[in-house]
Amino acid sequence: MQNILFVRLRLFLILLSGVLSTPSIMANPFDLFSVNTGSFLYHALPPDSDSTQYFNNQYFSIERKLNADSDYSILVGTFINSQNNRCALLGVRKDWYRINDKLVIKGVYTYAGEFFIDAFDNCGDDGFYQDMKDNTGLAFAPYIYHAAQYNFTDYFGVEGGVILPGILLMSVQWSF
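Residues numbered from 1 in each chain as written. Predicted model: local features only at pLDDT ≥ 70, side-chain atom pairs only at ≥ 80, totals over all residues. Heavy atoms only, no water.

Colleague: Please give an account of the overall build of the chain that cites residues and values.
Modeller: Helix and strand counts for the chain stand at 2 helices and 8 strands. For the chain, the residues scored as buried account for 39% of the 176 residues in total. Considering only contacts in the chain between residues 6 or more positions apart, those separated by 24 or more positions represent 47%. Total accessible area on the chain stands at roughly 10,100 Å², and carbon and sulfur atoms take up 64% of it. (Helix = DSSP H or I, 4+ residues; strand = E, 2+ residues; numbered from the N terminus. Buried < 20%, exposed > 50% of the residue type's maximum accessible area, 1.4 Å probe, protein only. Contact = heavy atoms within 4.5 Å. Areas by Shrake-Rupley, 256 points an atom, 1.4 Å probe, with all protein chains shown as cover.)

Colleague: Describe the layout of surface pockets, with residues and values.
Modeller: Taken as a whole, the largest pocket spans an internal volume of roughly 600 Å³. Of all the secondary structure elements, the ones that give two or more residues to the lining of the largest pocket are β1 (33-43), β2 (60-65), β4 (86-98), β6 (140-151), β7 (156-163) and β8 (167-175). Taken together, the residues of the lining of the largest pocket sort by class into 8 nonpolar, 8 polar and 10 charged. (1 Å grid on protein atoms, 1.4 Å probe; cavity = no way out; pocket = protein on both sides within 12 Å on 5 of 7 lines; lining within 4 Å. Points joined across faces, edges and corners; volume = space filled by probe spheres on them. Nonpolar A, V, L, I, M, F, W, Y, C, P; charged D, E, K, R; others polar.)

Colleague: I'd like a rundown of the nonpolar core, residues and numbers included.
Modeller: One finds F79, A112, Y129, Y143, Y145 and I163 to be the most contacted residues of the largest nonpolar core, which totals 17 residues. Taken together, the elements giving at least two residues each to this core come down to β3 (72-80), β4, β5 (103-113), β6 and β8. With residues near it in sequence (within four places) discarded, Y143 still touches F79, V108, Y109, T110, A112, Y129 and I163. (Core = buried A, V, L, I, M, F, W, Y, C linked by side-chain atoms within 4.5 Å.)

Colleague: Kindly report on empty space enclosed by the protein, identifying the contributing residues and their values.
Modeller: Leftover empty space is mapped by rolling, across the atoms, a probe with the size of a water molecule. Tallied over the entire structure, the rule returns 1 cavity of 30 Å³ or more. In this structure, the largest cavity encloses a volume near 310 Å³. If you trace the largest cavity, you find 23 residues lining it, with Y59, L89, Y143, I163 and L169 closest to the centre. For the lining of the largest cavity, the leading source of residues is β1, giving 4 residues. Looking at the lining of the largest cavity, its residues break down into 12 nonpolar, 8 polar and 3 charged.

Colleague: Break down the confidence of the model for the chain for me, citing the residues and quoting the values.
Modeller: Across the chain, the average pLDDT comes to 79, with 78% of residues at 70 or higher. For the chain, helix α1 (residues 2-21) is the element with the lowest average pLDDT, namely 51, and β7 is the one with the highest, namely 93. (pLDDT = per-residue confidence, 0-100.)

Colleague: Explain unusual backbone geometry residue by residue, including any values.
Modeller: A cis geometry characterises the amide bond from L164 onward to P165, with omega recorded as 15 degrees. Note on placement: P165 falls in the loop between β7 and β8. The backbone phi angle of Q58 is positive, close to 50 degrees, even though this residue is not glycine. In this structure, Q58 sits in the loop between β1 and β2.

Colleague: Explain the packing of aromatic side chains to me, and be specific about the residues and the numbers.
Modeller: Note on aromatic pairs: each is described by the distance of the centres and the angle between the planes. Summed over all chains, the structure comprises 7 aromatic pairs. Clustering of aromatic rings is evident, with ring pairs tying together F40, Y42, Y54 and F55. The ring of W96 has K94 lying over it, and the distance from NZ or CZ to the ring centre is 5.2 Å. (Phe/Tyr/Trp six-rings, centres within 6.5 Å; stacked < 30°, edge-to-face > 60°. Lys NZ or Arg CZ within 6 Å of the ring centre and 35° of its normal.)

Colleague: Kindly report on the sheet that holds β8, identifying the contributing residues and their values.
Modeller: Spatially, β1-β2-β3-β4-β5-β6-β7-β8 is the arrangement adopted by the 8 strands of the closed barrel, whose pairing is antiparallel. For this sheet, the mean angle separating the axes of adjacent strands, direction not counted, is 30 degrees. Judged from the 11 bridges that link them, β5 and β6 form a sheet pairing that is antiparallel. Across the sheet, residue L103 finds its bridge partner in β6, namely Y150. (Pairing = 2+ DSSP bridges. Axes fitted to C-alpha atoms, helices over the stretch in contact; angles between N-to-C directions.)

Encoded structure:
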């Protein structure tokens, strides 16, 4: 158990150091950061009124572009999953197509699940997470999310998309 905890801690520190130390051509490194909050989530396929949804998922993430011109970002966050358990979120964002200065089509590919911090220990108490925990020893789910993000200003945007296979999501992004 201590080895698994140590490996998770090392992986987290490696990812975090890479996010924070990626060189930038911008004068202010905080220009590469954004915060995602205020998500609305609805289970469309199959409809599931018992799941944690609407504004109850308490999604929050910090995102950092690799550099000023990159189409890639790394994100770290937390949310309440469909079974009402707190989960950690580690992922990569890819901007697939920029329609204009305001509208971008993006994909977010994440690990959502348990982490070495106690707050995320019970992510896999139910559902798919529990199945993964039973099979692998670690509760997690890969999330694939595609969305359109409209940036009203350089500092504020709204997005809407689908988490496969059928969860509708809307969120707000605050950029620095």
